[in-house]
Amino acid sequence: MPALAEVAREKLHALDVNAQRRVLQATRAMGGVRVERGGQSLISFSSNDYLGMAMDARVIEAAREAAARYGAGAGASRLVTGNHPLYASLEARLAAWKGTEAALVFGSGYLANLGIISALMGRGDLVLADRLVHACLIDGARVSGAKLARFAHNDVDDCRRLLAAQRSAHRHCLIVTDEIFSMHGDAAPMEALSVLAREYDAWLLGDGAHSLKPVPGADLKMGTLSKALGSYGGYVCGERDVIDYLTSAARSFIFTTGLPPAVIGAADKALEIVMSEPGLADAPVVKARLFTDLAGLPQAVSPIVPVVLGDEARALAASRQLVDAGYLVSAIRPPTVPEGTSRLRFAFSALHADEDIEAVAGIVRREGWGL
Ligand SMILES: *Cc1c(COP(=O)(O)O)cnc(C)c1O
């Protein structure tokens, strides 16, 4: 048998051949949208901290207070002794924000989707997922043992076709979609999917990881505390009985330690700010639209704007060129996106200065990227 490291080297080589190896780079947040990487100061268009909450002084102070009061770590799973008092406040606020009866906080968005889908679905059930949904929805469906089928991206008719062909042969059916697609920036037709779900006696799970405002339509409204709320953790909002069941059945909820108090304190403060300043959530899309207008791209509908370049090497070269100009914009490659659609992913924050947006848009337009 070959040595483990030898097998790893072979596998790394295969990734290198396709420019698909991933490496970690230390990146230091310097305040606002500025980061430092490799000694270079850069304006970042690569963070999902859309509202600037991760560096907000009020949010940092809430984290500090929570740690001082309740300690650095939760010490056990939430069902044992890790359910510190801050959870109740955050879950009540999340449910009020999304307009549901109840909410449940998980260790992360990834763990939330893994646990929700595998607790509710099983063998003999059907999960229908948009072709471009986030990997953790697919992993949740796989772990559940349900039959998984994919419909064409944002194609309600294709979803209807799958329901017509397969719904009756299965017990329960769950349709899953990102509300805003994380690498695409477009919005799912939640209203139409919700009507379709009713028609075929199916449930709808909306992944709102990149939604800045509550989106109506889904029976289960899942989200993350780690993006617009600037902290860490995941959650699901829904009916009281569903939440109670998930509390007892979602394995990724039960068999993991509760989040540190500072993390929950920060998320709770950030959500309080977002709910009390309704205009704040609009700012990132306004910034994204300035960019798409200036770069000659289709108008943004979310804070995420992809500039598709094709192969991995081309996307990496474009990302390096932007770094040289002082801008951090990630190159996103397979398997995160489909083969041949490697891209630059611009994520806009309420904190971006218009001059920086004008500068990157100028580069994109000059290079003819995304056309
Ligand atoms: C980031 C993301 C997740 C996972 O959330 P984490 O809290 O980072 O684990 C789930 N779904 C989508 C669409 C995401 O973009």
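Above: the structure in question.
Reading the values: rules and limits
- Residues numbered from 1 in each chain as written.
- Predicted model: local features only at pLDDT ≥ 70, side-chain atom pairs only at ≥ 80, totals over all residues.
- Heavy atoms only, no water.
- Helix = DSSP H or I, 4+ residues; strand = E, 2+ residues; numbered from the N terminus.
- Buried < 20%, exposed > 50% of the residue type's maximum accessible area, 1.4 Å probe, protein only.
- Near = heavy atom within 4 Å.
- Polar contact = N/O pair within 3.5 Å; in protein donor to acceptor, adjacent residues only side chain to side chain.
- Areas by Shrake-Rupley, 256 points an atom, 1.4 Å probe, with all protein chains shown as cover.
- Nonpolar A, V, L, I, M, F, W, Y, C, P; charged D, E, K, R; others polar.
- Expected span 1.5 Å × (residues − 1).
- Arc of directions from axis to C-beta.
- Contact = heavy atoms within 4.5 Å.
- Pairing = 2+ DSSP bridges.
- Axes fitted to C-alpha atoms, helices over the stretch in contact; angles between N-to-C directions.

**Points about unusual backbone geometry**
Thinking step 1. Pro-334 connects to Pro-335 through a cis peptide bond whose omega is 10°.
Thinking step 2. Structurally, Pro-335 is set in the loop between β13 (330-332) and β14 (342-347).
Thinking step 3. Here the phi dihedral of Ala-19 falls at roughly 50°; this positive angle occurs in a residue that is not glycine.
Thinking step 4. On the secondary structure map, Ala-19 appears in the loop between α1 (4-17) and β1 (27-29).
Thinking step 5. With relative accessibility at 22%, the residue Ala-19 sits in the partly exposed group.
Thinking step 6. Although it is not a glycine, Asn-154 adopts a positive phi angle of roughly 55°.
Thinking step 7. Within the secondary structure, Asn-154 sits in the loop between β6 (147-151) and α7 (156-166).
Thinking step 8. Given the relative accessible area of 24%, Asn-154 is considered partly exposed.

**Considerations on the site of the ligand**
Thinking step 1. As a structural note, the neighbourhood of the ligand is formed by 14 residues, with Gly-109, Asp-207, His-210, Thr-224 and Lys-227 the closest of them.
Thinking step 2. Here a nitrogen atom of the ligand sits 2.6 Å away from a polar atom, N or O, in the side chain of Asp-207.
Thinking step 3. Contacts to the ligand include His-210, whose side-chain N or O atom sits 2.6 Å from an oxygen atom.
Thinking step 4. The protein chains hide 88% of the 380 Å² of surface that the ligand would expose on its own.
Thinking step 5. Class assignment of the residues belonging to the shell around the ligand gives a composition of three nonpolar, eight polar and three charged.

**Re helix α4 (residues 86-98)**
Thinking step 1. With 13 residues, α4 extends 19 Å from end C-alpha to end C-alpha; this agrees with the ideal 18 Å at 1.5 Å per step.
Thinking step 2. Considered for burial, the residues of α4 that qualify are Leu-86, Tyr-87, Leu-90, Glu-91, Leu-94, Ala-95, Trp-97 and Lys-98. Buried residues in α4, looked at end-on, bunch into an arc of 160°, giving them a common side. Seen from the buried face of α4, the exposed residues on the opposite side, beyond 90 degrees, are Ala-88 and Ala-96.
Thinking step 3. Residues of α4 that are buried make contact with α2 (57-70), α3 (78-82), β4 (102-106), β9 (220-224), β10 (234-238) and α11 (261-276).
Thinking step 4. Two residues or fewer after α4 comes Gly-99, characterised by a positive phi angle close to 70°.

**Notes on the side chain of Asp-130**
Thinking step 1. Its location among the elements puts Asp-130 in strand β5 (residues 126-130).
Thinking step 2. A polar contact is formed between the side chain of Asp-130 and the side chain of His-153, at a distance of 3.0 Å.
Thinking step 3. Residues in contact with Asp-130, not counting those within four places in the same chain, are Arg-150, Phe-151, Ala-152, His-153, Asn-154, Val-176, Thr-177 and Phe-181.

**Comments concerning the pairing of strand β3 (residues 40-44)**
Thinking step 1. As judged from the four bridges shared by strand β2 (residues 34-37) and β3, these two strands associate in the antiparallel manner. Its bridge partner lying in β3, Glu-36 is registered against Ser-41.

**Description of the sheet that holds strand β8 (residues 203-207)**
Thinking step 1. Pairing is mixed in the open sheet, where seven strands are placed in the order β4-β10-β9-β8-β7-β5-β6. Across the chains shown, the open sheet's two edge strands, defined by having one partner strand only, are β4 and β6. Averaged over neighbouring strand pairs, the angle between their axes works out to 20° when direction is ignored.
Thinking step 2. Note: β9 against β10, four bridges, orientation antiparallel. What sits directly across from Lys-221, in β10, is Cys-237.
Thinking step 3. Of the strands in this sheet, β4, β5, β7 (173-178), β8, β9 and β10 are in contact with helix α5 (residues 109-120), which crosses β9 at around 155°.

**A short note on the environment of Val-127**
Thinking step 1. Within the element layout of this structure, Val-127 appears in strand β5.
Thinking step 2. Residue Val-127 is classed as buried on the basis of its relative accessible area of 0%.
Thinking step 3. In the structure, Val-127 is positioned 45 residues away from His-172 in sequence and 8.5 Å away in space, judged by C-alpha atoms.

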